[in-house]
Each structure stands twice: as structure tokens, then as C-alpha cells.
Amino acid sequence: GFDVLVLRGGYKAFRRWALATFARPHRFIIISGYTGSGKTELLQQLAQRGESTLDFEQLASHRGSAFGSLGLGQQPTQQQFENALALELWKHRSAERIWIEDESRRVGMITIPDGIWTAMQSAPIIALDIPLEHRIERLVTEYGAYSPSSLAQSLHAIRERLGTERYTRALEALERGDMKTVARLALEHYDKAYRHSLRKRAHRVCWLTAASSEVALNELLDLASLQYTTDSQQ
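Residues numbered from 1 in each chain as written. Predicted model: local features only at pLDDT ≥ 70, side-chain atom pairs only at ≥ 80, totals over all residues. Heavy atoms only, no water.

## Here we look at the packing of aromatic side chains
The geometry of an aromatic ring pair is captured by two quantities: the separation of the ring centres and the angle between the planes.
Consideration 1: All told, the structure shown has five aromatic pairs when counted by the stated rule.
Consideration 2: Look at Y143 and Y146: their rings are 6.1 Å apart centre to centre, the planes differ by 45 degrees, and that puts the pair in the tilted class.
Consideration 3: Relative accessible area serves as the criterion here: at 24%, Y146 is assigned to the partly exposed category.
Consideration 4: Cluster of aromatic residues (ring-pair linked, three or more members): Y11, F14 and W17.
Consideration 5: Sitting over the face of the ring of W90, R93 holds its NZ or CZ atom 3.9 Å from the ring centroid. (Phe/Tyr/Trp six-rings, centres within 6.5 Å; stacked < 30°, edge-to-face > 60°. Buried < 20%, exposed > 50% of the residue type's maximum accessible area, 1.4 Å probe, protein only. Lys NZ or Arg CZ within 6 Å of the ring centre and 35° of its normal.)

## Quick look at unusual backbone geometry
Consideration 1: Positive phi, close to 55 degrees, is recorded for S61, a residue that is not glycine.
Consideration 2: Relative to the helices and strands, S61 is located in the loop between helix 3 (56-60) and helix 4 (78-91). (Helix = DSSP H or I, 4+ residues; strand = E, 2+ residues; numbered from the N terminus.)

## Thoughts on the pairing of strand 6 (residues 125-129)
Consideration 1: In terms of burial, strand 6 is a largely internal element, four of the five residues being buried.
Consideration 2: As paired elements, strand 1 (residues 28-33) and strand 6 share four bridges and run parallel to each other. Considered in strand 6, the bridge of G33 is made with L128. (Pairing = 2+ DSSP bridges.)

## What to know about the sheet that holds strand 1
By way of backbone hydrogen bonds, the strands of a sheet pair with one another, either parallel or antiparallel.
Consideration 1: Pairing in this open sheet of five strands is parallel, and the strands run 2-3-1-6-7 from one edge to the other. Each edge of the open sheet is held by one strand with a lone partner, namely strand 2 (53-54) and strand 7 (205-209).

## Concerning the pairing of strand 3 (residues 98-101)
Consideration 1: Of the two faces of strand 3, the one lined by I98 and I100 and the one lined by W99 and E101 are each fully buried.
Consideration 2: Relative to strand 3, strand 1 is paired through four bridges, and the arrangement is parallel. Paired with I31 across the strands is E101, a residue of strand 3.
Consideration 3: When strand 2 meets strand 3, the two strands line up parallel, connected through two bridges. Within the sheet, the bridge partner assigned to T53 lies in strand 3 and is W99.

Okay, here's the thing in C-alpha cells:
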């Protein structure tokens, strides 16, 4: 009773095709910005506008931070991730550009393949500059429903980077249900890490200042068009 498709050459041939897909040229635009800027939501809005997008975090079932596994299922194997990624790239094989979110090489336990990572190292970056208070509100909305014990485990994972004093204050705030203070303290660490990362890539970064991610979409598309017009003129 199953509808069955047969792969020519079997699974090994499919794997060779998948790996070859990563080595082909890919024209990415990276959406960056401090934690809580709404990068994932913007990626979803771009997809709704008909833009080609690639969501590494969805494919990897992880948000790429110490809090990244909260509310998500088990991560796929590396091969499962690569297979799904290759199929997504195939869907967008005719796209002029593919929007992706700024990621580290590792997303949880998953590693972004060499060819894709290499393409990301030369891709233009549009970094969102969203007010701190708006980002805090977003994080409280997104993570505030999780159990204090789950959030405490995530904080424990970054305790050394937070420092003893900040880590202790975050735990105390979590215990009294002050999620805004927890988010503010966590952002002190994540913002510092993002600033350092973006400074190293400053020659590729274009900043977009907006009151919120919800109002940034049209400007994002305008900047992308300008970026590629400049590239073609050069």
C-alpha cells in the first residue's frame, strides 16, 4: 500500500549527489544581529514574500545557543541533516539569492558542511540593530514559558562566560520569576560575543537600524538589492 520511489544507484549515489551539491556555488545573504532581534521571524517573512530561504536551525532542530534545544525534539544525525540540506538547496537551485541566518559552524551537535560554510565566509551580511528593550521582550515571550529547571540548565552551560557574579544574579532572578532580568544578563554575554564576531567581518556588514524586526522587512529587501547592484558594478 506504500507509494515507492527507487533511487537510481541507491543511497550511495544519493549521498554523492548531496555532497556534490554543497560544493556548487551558492549566493547567500546572511541576516545577522544581536540575540532577540527576530532573525528567524524575518527569514519566515521573506519566505512568505516568495524569497528563497534556508533555515539551518529548523533543519538541525536547534537554535544554535545554550538555550537552543529548549522545546525542540532530538537533533537529526549529521547525515540526515546533510541530506535534508541538499534537498532544500535543490529546491532553490534557480534562485538569484538565498537568505540564511547568521550561524556558527556548529548548530548544536550538527556541523555545517565545508562547501556551504566556505560560501558563507564571503556572503554579504545585513545586521539588525534592534533596541535592547524590544529584544528583551521578545526573549521573555519566546523562553518565559519554559520550566525554571530547564532555563537553569541552559544558564549553567554558559556560567563561565557569564562570570560568577552575573550567573548568580541570573539564577536569583530566575528563582523569583524575573525573566526580564534573566534575559538582560544573558544578553550581556551574547551581545559581547556577537560584537566580536561582527567586528571580524566588518568589511561585509551593512547595519539596518529599526524599531523592531517587524518593520525591517522592506528595508532588508532594499539593502539586498543595493548590495547585489554594487557587486555587479564592481
